[in-house]
Amino acid sequence: MTARFEIQLACAKLMTMDIASSSDPRVSVWLLDPTSGDDEDMIFVGQTEVIKDDENPHFEAQITVEYSVDADEDVIFRVDDINDGDSDEDGTFLGQASIKAHELARAAPTETTIECKLVNKKWGGKR
């Protein structure tokens, strides 16, 4: 059985990766079934727009997450610094955060802030 919800994202205190200005962040959202044990099995859900020069962005994009209720999937948020000229898959990896889909779904009907700390670790997802 599947369920769905919509999310809108914001970040706070992102690292500055650009020399002359703040980062240009974009968040991509992925699903991972933790029983797979392989980051290569992540499923791309959607992404926000890029916001220029902002370490505390509030994104306009609404992302619909459809997940398997029985699979206990993780929702992964990958944050990249996207510069002019970067392709859709390029960018400097700033970090990632995750939360269980069912936990996020419970909070989705209301405006809820869920704090997810970014960890800067090796990224295994592919599109």
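Residues numbered from 1 in each chain as written. Predicted model: local features only at pLDDT ≥ 70, side-chain atom pairs only at ≥ 80, totals over all residues. Heavy atoms only, no water.

J.: Describe the pattern of salt bridges, with residues and values.
T.: Counted according to the given criterion, the structure contains four salt bridges. One salt bridge connects Asp72 with Lys100, and the closest N-O pair in it is separated by 3.5 Å. Here Asp72 is found in the loop between strand E4 (58–68) and strand E5 (74–81), whereas its partner Lys100 is found in strand E6 (residues 92–100), with 28 residues between them in sequence. Here Asp80 and Arg78 are joined by a salt bridge, their closest N and O atoms 2.6 Å apart. A residue is classified by how much of its surface remains accessible, and Asp80, at 3% relative accessible area, is buried. In this structure Arg78 comes out as buried when scored by relative accessible area, which is 11%. One network of salt bridges, in which partners are shared, links Asp72, Asp74 and Lys100. (Salt bridge = Lys/Arg side-chain N within 4 Å of Asp/Glu carboxyl O. Helix = DSSP H or I, 4+ residues; strand = E, 2+ residues; numbered from the N terminus. Buried < 20%, exposed > 50% of the residue type's maximum accessible area, 1.4 Å probe, protein only.)

J.: Account for the sheet that holds strand E3 (residues 43–47), with residues named and values stated.
T.: Strands sit in the order E3-E2-E5-E6 across an open sheet of four strands; the sheet is antiparallel. In this open sheet, the two edge strands, each paired with only one partner strand, are E3 and E6. Across the sheet, the mean angle separating the axes of adjacent strands is 25° when strand polarity is ignored. Strand direction decides the pairing type here: strand E2 (residues 25–32) and E3, joined by four bridges, are antiparallel. When the bridges of E3 are listed, Ser28 appears paired with Gln47. (Pairing = 2+ DSSP bridges. Axes fitted to C-alpha atoms, helices over the stretch in contact; angles between N-to-C directions.)

J.: Help me get a handle on unusual backbone geometry, residues and values and all.
T.: A positive phi is found at Lys13, a non-glycine position, where the angle reads about 60°. By the secondary structure assignment, Lys13 is in the loop between strand E1 (2–10) and E2. Despite not being glycine, Asp53 has its phi angle at roughly 50°, a positive value. Looking at the element boundaries, Asp53 is found in the loop between E3 and E4.

J.: With reference to specific residues and values, describe the pairing of E2.
T.: Among the eight residues in E2, eight count as buried, and that is most of the element. In E2, alternate side chains face the same way, and those of Pro25, Val27, Val29 and Leu31 on one face and Arg26, Ser28, Trp30 and Leu32 on the other are all buried. Where E2 and E5 come together, eight bridges link them in antiparallel fashion. Bridge pairing in E5 places Leu32 opposite Asp74.

Spatial relationships are all this shows, so hold off on functional conclusions.
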